[in-house]
Every structure is written in structure tokens, then in C-alpha cells.
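The primary structure of each chain is shown beneath.
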Amino acid sequence: KAGVTQTPRYLIKTRGQQVTLSCSPISGHRSVSWYQQTPGQGLQFLFEYFSETQRNKGNFPGRFSGRQFSNSRSEMNVSTLELGDSALYLCASSLNLMDARLNTGELFFGEGSRLTVL
Amino acid sequence: ILNVEQSPQSLHVQEGDSTNFTCSFPSSNFYALHWYRWETAKSPEALFVMTLNGDEKKKGRISATLNTKEGYSYLYIKGSQPEDSATYLCAFMGPDSSYKLIFGSGTRLLVRP
């Protein structure tokens, strides 16, 4: 069974540019979550999608957006990049995040997209 | 603002030592508590998902307990091995923060041979 796939793995952008990151979840998983990790910080929640609907959004500016397609693949976009956006962006999929009592509800993470903004 | 605290921040132990870490989370509106292991250059990997007060889970030499009334969980590693070296993350989910996990900053474990 293929795991969560994120592309690209590494990218370098300059301030003011925009970037799109892609995530393909495990087959059959309908929930996709995105997290940001910066040096010295824990994983910060960006958003969660289920069946093409955003169910929750973290405390990030409107420059951060995302979407989910009918095949559960998800993309996130960051516009007008700032130096502080340099981070590891992790995508995670699960069957259904709120089914912790019915199944494990655990997250399966991709290897991440490491973004550097110069 | 919901806060998830982990202690200690880092830990160095000798191979064969047993060790434990703490995760503190809000005791109200609890839904689930997750533990993940994150090895360098790899993806975080789920260890346990715990939902009931008093839950105890075990996977090999690693076990975890949960106290939702006082808002803490312990992760234990018995007879640490160098391959246990990783960052251990806990994450809290409450019904009023549905559909997201709030992660602690992690405990970084280094096991010396």
C-alpha cells in the first residue's frame, strides 16, 4: 500500500513569489491535514479537508490556502511568500480524523515539502 | 488557547535504561490523545491513539497511559535501544477543536550504545 506522497520535496523561492504544494493521501483515506514546522516550533496546524470540504483552519494569514479534489488529493498554496514561511510542510491523511473511537483515527504523514524563501 | 506541554525537552540515556516522558493537555473537552515517533529524515509515525480515561496501550517495549481527568499521559520505553532515538510527539484533540490535532513540541530522546 503506497504511503502519503508529497511533491515537491524541496524548493527554493524568493520573497513575493507564490508556491503550490501537493499531497496524495493513502488510497481510501478521505481526510487530509496540513502542518507547518519551523525551527524551534512544534507542528502547527494549517487546515484539514474531508471530501473536498475544509472542516477546520489554523491561525494562519489568508495567504495560506488549500483545497481538496474529488480523488482526495490536496494542494496548499502560499502567496506573497515571506522569509518566515521557510519551513517543512507536512501533509497527513487518515480514514476520518474524528473516528478515533471507531478506528484508530491516526495520521499517516508524508515526508514533507521543505520550502526555503530567500 | 489550547496548550500541549511535553517534558523533558530532551533526554540522553544509556542503552538498556528505561525512560518515560510526560504530555500535559487540557483536561476539559477531551476527545483523543495521540503519540507519534519522529526519526530524523523520516515521517512522523503513529504509536498510539488513546481515547478513554485509564487507557493503557503497549507496543513492544513502548507503552503509554492516559489520565483525562487530570490531563496527562505518560510514554514509557523499557530497555531503551539506539534505534529508539527519535523525537516523541504527543497531540491532543478536543471536540471544540474538531478535525485538528494540537501537537506538543516533543521530547527528543538520544540512546547511547
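See the structure printed just above.
Since the structure is predicted, the reported quantities are computational estimates derived from the model, not experimental observations.

Q: Now, about the pairing of strand E5 (residues 44–50) of chain A: what can you tell me, with residues and values included?
A: Residue and element names in this part refer to chain A. With respect to burial, E5 is a largely interior element, six of its seven residues being buried. Inspection of the sheet shows strand E4 (residues 31–37) paired to E5 by six bridges, in the antiparallel sense. Paired with Tyr-35 across the two strands is Phe-45, which belongs to E5. Linking E4 back to E5 in an antiparallel pair, the connection comprises six residues, with Gly-40 at a positive phi of about 85°. By the bridge criterion, four bridges tie E5 to strand E6 (residues 53–57) in an arrangement that is antiparallel.

Q: I'd like to hear about the sheet that holds strand E8 (residues 72–77) of chain B, residue by residue, with values.
A: All names here are of chain B. The five strands are arranged E1-E3-E8-E7-E6 in an open sheet whose pairing can be described as antiparallel. Strands with a single pairing partner mark the edges of an open sheet, and in this sheet they are strand E1 (5–7) and strand E6 (56–59). Each neighbouring strand pair of the sheet contributes to a mean axis angle of 15°, computed without reference to strand direction. With six bridges joining them, strand E7 (residues 62–67) and E8 adopt antiparallel strand pairing. The residue bridging Ser-63 from the neighbouring strand is Tyr-76, located in E8.

Q: How would you explain the packing of aromatic side chains if you had to name every residue and give the values?
A: The full count for this structure, using the stated rule, is 14 aromatic pairs over all chains. Each ring, one from Phe-109 of chain A and one from Phe-103 of chain B, has its centre 6.3 Å from the other, and the planes form 70°; the classification is edge-to-face. Here Phe-109 of chain A, found in strand E10 (residues 108–109), pairs with Phe-103 of chain B, found in strand E10 (residues 102–103), and the two come from separate chains. Of the two residues examined, Phe-109 of chain A and Phe-103 of chain B, each falls in the buried class.

Cut-offs and rules
Residues numbered from 1 in each chain as written. Chains lettered and ligands numbered in written order. Predicted model: local features only at pLDDT ≥ 70, side-chain atom pairs only at ≥ 80, totals over all residues. Heavy atoms only, no water. Buried < 20%, exposed > 50% of the residue type's maximum accessible area, 1.4 Å probe, protein only. Helix = DSSP H or I, 4+ residues; strand = E, 2+ residues; numbered from the N terminus. Pairing = 2+ DSSP bridges. Axes fitted to C-alpha atoms, helices over the stretch in contact; angles between N-to-C directions. Phe/Tyr/Trp six-rings, centres within 6.5 Å; stacked < 30°, edge-to-face > 60°.

Remember that the coordinates give geometry; whether it matters functionally is a separate question.
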